[in-house]
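Geometric and topological summary
The chain contents come next:
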Amino acid sequence: MAKTEEIVNSVSRISAGTAIKGDLASSNDLRIDGRFEGRIISKGRIVIGETAEVSGEIVCTNADIWGKMKGDIYVKDTLSLKKGSKADGNLNIKRIIVELGAAFNGVCKMITEEEFDKKSSALDSELNAGLRSAEPGAAHANSEKRK
């Protein structure tokens with residue numbers, strides 16, 4: 001039973017009716033049913049639900065798109081475009097599954113694990129640098145250096 005609870009609790013959710021703008025980094029799976037604008041990096045699976053509207057850049061291990069996605073996607077393993085989904089942007093993936101009724105507009109490039117790791121590392125470094133500069137006292141420390 002603890003194993004089931006562990007799996008359920010390791011999924012982060014952005015529920016329908018919720019709108020978020022910004023950058024998101026997670027080591028867990030993520031399910032989006034609301035609106036998200038920004039960049040997402042996840043070491044797990046990202047599910048974009050039927051009611052979701054996502055715009056920005058996504059870097060993840062696996063992704064299932066049921067809703068609307070606008071932006072570039074980098075997937076280490078498998079991207080699934082489900083019936084009724086709409087993806088506008090460039091797909092950089094290892095594998096793809098496209099169901100009948102899915103819509104895709106953009107360029108699809110099959111990438112190696114090394115290409116994915118390079119993109120993932122670059123975005124992870126960028127997001128972590130942004131988090132460090134947002135820490136309390138960071139602005140004060142930078143203003144002290146300028147004096």
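Please refer to the structure higher up on the page.
First things first, this report covers the structure right here in the doc.

About the criteria used
Residues numbered from 1 in each chain as written. Predicted model: local features only at pLDDT ≥ 70, side-chain atom pairs only at ≥ 80, totals over all residues. Heavy atoms only, no water. Helix = DSSP H or I, 4+ residues; strand = E, 2+ residues; numbered from the N terminus. Contact = heavy atoms within 4.5 Å. Areas by Shrake-Rupley, 256 points an atom, 1.4 Å probe, with all protein chains shown as cover. Core = buried A, V, L, I, M, F, W, Y, C linked by side-chain atoms within 4.5 Å. Buried < 20%, exposed > 50% of the residue type's maximum accessible area, 1.4 Å probe, protein only. Polar contact = N/O pair within 3.5 Å; in protein donor to acceptor, adjacent residues only side chain to side chain. 1 Å grid on protein atoms, 1.4 Å probe; cavity = no way out; pocket = protein on both sides within 12 Å on 5 of 7 lines; lining within 4 Å. Points joined across faces, edges and corners; volume = space filled by probe spheres on them. Nonpolar A, V, L, I, M, F, W, Y, C, P; charged D, E, K, R; others polar. Pairing = 2+ DSSP bridges.

This part is about the overall build of the protein chain. Scanning the protein chain for helices and strands turns up three helices and 13 strands. Partitioning the contacts of the protein chain with sequence separation of at least 6, the portion at a separation of at least 24 is 10%. Put simply, the protein chain shows about 8,900 Å² of open surface, and 51% of that area lies on carbon and sulfur atoms.

This part takes up the nonpolar core. Taken as a class, soluble globular proteins show a tendency for nonpolar side chains to be buried jointly. Core analysis: the biggest nonpolar cluster contains 21 residues, and Ile32, Ile48, Ile58 and Leu79 have the highest contact counts within it. Broken down by secondary-structure element, the contributors of at least two residues to this core are strand E3 (29-32), strand E4 (35-42), strand E5 (45-48), strand E6 (53-60), strand E7 (62-65), strand E9 (73-81) and strand E11 (91-98). Broken down by element, the residue count for this core peaks at four residues, all from E9. In contact with leucine 79, not counting residues within four places along its chain, are Ala63, Ile65, Leu91, Ile93, Arg95, Ile96 and Ile97.

Bringing the environment of glutamate 53 into the picture now. Assignment of secondary structure puts glutamate 53 in strand E6. Relative accessible area serves as the criterion here: at 42%, glutamate 53 is assigned to the partly exposed category. In this structure, the C-alpha to C-alpha distance between glutamate 53 and alanine 16, residues 37 residues apart in sequence, is 9.8 Å. Non-local contacts of glutamate 53, meaning those with residues more than four positions away in its chain, are made with Gly34, Arg35, Phe36 and Lys68.

Relative to the assigned elements, aspartate 72 resides in the loop between strand E8 (68-70) and E9. Separated by 14 residues in sequence, aspartate 72 and isoleucine 58 have C-alpha atoms that sit 6.5 Å apart. Setting aside residues up to four positions removed in sequence, aspartate 72 forms contacts with Gly56, Glu57, Ile58, Gly89 and Asn90. A distance of 3.1 Å separates a polar atom in the side chain of aspartate 72 from the backbone nitrogen of asparagine 90.

All right, on to the layout of surface pockets then. Each pocket or cavity is described by its volume, and for the largest pocket that value is around 240 Å³. In terms of lining, the largest pocket is formed by 14 residues, of which the most central are Phe36, Glu53, Val54, Ser55 and Lys70. Every element with two or more residues in the lining of the largest pocket is listed here: strand E2 (19-26), E4, E6, E8 and strand E10 (86-88). Split into classes, the residues belonging to the lining of the largest pocket amount to five nonpolar, one polar and eight charged.

Okay, the pairing of E7 next. Side-chain alternation along E7 places Asn62 and Asp64 on one buried face and Ala63 and Ile65 on a second face that is also buried. Where E5 lies against E7, four bridges are found, and the strand directions are parallel. Within the sheet, the bridge partner assigned to arginine 45 lies in E7 and is asparagine 62. The pairing of E7 with E9 spans three bridges and is parallel. Looking across to E9, one finds that alanine 63 is bridged to leucine 79.

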